[in-house]
Amino acid sequence: MNFVLVNGSTPYPQTFCRLCCELIAGNSYLREIGTQLPYCDERCYSLQCEFSALMRESRARAVS
């Protein structure tokens, strides 16, 4: 997990959470360092990480 917790700032322009598609309207959110993708909170970020890991695992099984 590589992310930055942004406090006291909302993203500009209007930004939506990568996972749940909710508008990030509060004064804190997460931004993944490598991709710069925004997430509304740590729950959405961790769910996205789990989903990505499952997808990589599934693709690896399909190839072998």
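The present account deals with the structure reproduced in this document. These numbers come from a predicted model, not from an experiment.

Some points on the state of the cysteines
Simply put, the disulfide is a covalent bond whose two ends are the sulfur atoms of two cysteines.
Then, in step 1: On inspection of all chains with the given rule, the structure shows zero disulfides.
Then, in step 2: Lacking any disulfide linkage, Cys-20 is separated from the closest cysteine sulfur, that of Cys-17, by 3.7 Å.
Then, in step 3: A disulfide-free cysteine, Cys-40 has its sulfur positioned 3.6 Å from the sulfur of Cys-44, the nearest such atom.
Then, in step 4: Classification of Cys-40 as partly exposed rests on a relative accessible area of 25%.

Some details on the nonpolar core
Generally speaking, a soluble globular protein has its nonpolar side chains buried in company with each other.
Then, in step 1: Of all hydrophobic cores here, the largest spans five residues; its members are Cys-17, Leu-30, Tyr-39, Cys-44 and Tyr-45.
Then, in step 2: Apart from the residues lying within four places of it in its own chain, the contact partners of Leu-30 are Phe-3, Val-4, Leu-5, Leu-37, Pro-38, Tyr-39, Asp-41, Glu-42 and Tyr-45.

A short note on the pattern of salt bridges
Then, in step 1: Under the criterion given, the structure shown has one salt bridge.
Then, in step 2: We note a salt bridge from Arg-61 to Glu-57, for which the minimum N-O separation is 2.7 Å. Remark: Glu-57 and Arg-61 occur in helix α1 (residues 42–63); sequence separation between them is four residues, near one turn of the helix.

Brief notes about the environment of Pro-11
Then, in step 1: Summarising the element assignment, Pro-11 is placed in the loop between β1 (3–7) and β2 (28–32).
Then, in step 2: The spatial distance from the C-alpha of Pro-11 to the C-alpha of Ala-53 is 27 Å, given a sequence separation of 42 residues.
Then, in step 3: Every residue in contact with Pro-11, bar those within four places of it in the chain, is listed here: Ile-24, Tyr-29 and Arg-31.

Definitions and cut-offs
- Residues numbered from 1 in each chain as written.
- Predicted model: local features only at pLDDT ≥ 70, side-chain atom pairs only at ≥ 80, totals over all residues.
- Heavy atoms only, no water.
- Disulfide = S-S within 2.5 Å.
- Buried < 20%, exposed > 50% of the residue type's maximum accessible area, 1.4 Å probe, protein only.
- Core = buried A, V, L, I, M, F, W, Y, C linked by side-chain atoms within 4.5 Å.
- Contact = heavy atoms within 4.5 Å.
- Salt bridge = Lys/Arg side-chain N within 4 Å of Asp/Glu carboxyl O.
- Helix = DSSP H or I, 4+ residues; strand = E, 2+ residues; numbered from the N terminus.

The values reported here are purely geometric and, on their own, carry no functional implication.
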